[in-house]
Amino acid sequence: MSKPEFIYVTYIETTPEKLWHALTDGDFTQRYWFGARLRSDWKAGSSFEMVRSDGTVSDAGKVVEVDPPRRLAYTFINQSDKYKNEFPALATFVLEPYGKLVKLTLTHEGFAEGSKFYSGISKGWPAILSSLKSILETGQPLDIPFEALKMEA
Amino acid sequence: MSKPEFVYVTYIETTPEKLWQALTEGDFTEQYWFAHRATSDWNVGSSYHFTLEGEKRLEGKVLISDPPRKLAYTWNGCSEEVRRERTSRVTFDLEPRGKAVKLTMTHDNLDEAGVTFRGIADGWPMVLASLKSFLETGRPLSDDVRTIQAVAA
């Protein structure tokens, strides 16, 4: 059995620069990323954190690759005890412009077989990236209750 | 070994009824599904087809029709390249989530050696991204997406 890998492709009517900003600016991510502020200085090797609205850190890892506005890669793992035996996995965003559109490819890899965290991110990413597309195209993120993602299941 | 499948989840700010209509009515599919027009009465056992400029491109039979929750049909591409491939199956699950609808598209029973299998990992994200833009902004993705299609082919 091979190691699980999550790949998600979407097309957004925006520019690579706006999309890059949406992916890396904490004030912006807070609006569509279920309240998470992404925090980093975005240099390769620097730390990377997702910060909840109460200031606590939900996920942490490291920045691996920064090539604006084309490629962004970082590792992270949720800090909950549930995942204490798991390791950070690598999320890579590739932004390719096509006229008025940007093709966004997210690859999240490096999970061990049977990873519970993999199961969680597989449910989270489609919702986060759908909300990202909505906020860039309509100005409004999606209004999905976090519990509806059933990430605990 | 199980046959390969492709699963894509997106969240769209719309109602299940509007999404069902967009998936099944030719006047709508023509706008976001790369000018392909769907025709069927969408009853279980009925046939359906998608035409492009009057020429049949895709056809099959309706397997499940439970508006506005679940729709499934067999998938037979009409072009020379794909006509001899195994008949595959497409299933749409529509689940309300707050003000959005979670759409899960599962394309399975695919011929892993076939052209269809290689093409859909590019094709479905484009169609479903265009559908989402169409329902949320009133406009499908710009024609630039057709250029990507041509490049990818």
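Residues numbered from 1 in each chain as written. Chains lettered and ligands numbered in written order. Predicted model: local features only at pLDDT ≥ 70, side-chain atom pairs only at ≥ 80, totals over all residues.

**Student:** I tried to follow the interface of chain A and chain B on my own but got confused; where do I start?
**Tutor:** Accessible area lost when the parts come together is the quantity often used to give the size of an interface. Between chain A and chain B, the residue contacts involve 21 residues of the former and 21 residues of the latter. Among the secondary structure elements, those contributing two or more residues to the side of chain A that touches chain B are strand E1 (6-13), strand E7 (101-109) and helix H3 (116-138) of chain A. With 7 residues, the top contributor of residues to the side of chain A that touches chain B is H3(A). Considering only residue class, the side of chain A that touches chain B consists of 10 nonpolar, 5 polar and 6 charged. (Contact = placed C-beta atoms within 7 Å. Helix = DSSP H or I, 4+ residues; strand = E, 2+ residues; numbered from the N terminus. Nonpolar A, V, L, I, M, F, W, Y, C, P; charged D, E, K, R; others polar.)

**Student:** Help me out: how do you make sense of helix H1 (residues 16-24) of chain A in this one?
**Tutor:** For an α-helix, the turn length of 3.6 residues means that residues three or four places apart are oriented alike. Residue and element names in this part refer to chain A. The complete set of buried residues in H1 reads Leu 19, Trp 20, Leu 23 and Thr 24. Along the long axis of H1, the arc covered by the buried residues comes to 120°, so they all point the same way. Along its buried surface, H1 packs onto E1, strand E2 (37-39), strand E5 (71-78), strand E6 (89-98), E7 and H3. (Buried ≥ 20, exposed ≤ 12 C-beta atoms within 10 Å, placed from the backbone. Arc of directions from axis to C-beta.)

**Student:** Hey, could you run me through the nonpolar core in this one?
**Tutor:** Proteins that are soluble and globular tend to have nonpolar side chains buried together. Counting 64 residues, the largest nonpolar core has A:Leu19 and B:Leu19 as its most contacted members. In contact with A:Leu19, not counting residues within four places along its chain, are A:Ile12, A:Thr14, A:Pro69, A:Leu95, A:Val102, A:Leu104 and A:Leu136. (Core = buried A, V, L, I, M, F, W, Y, C linked by C-beta atoms within 7 Å.)

Any link to function would need more than the numbers given here.
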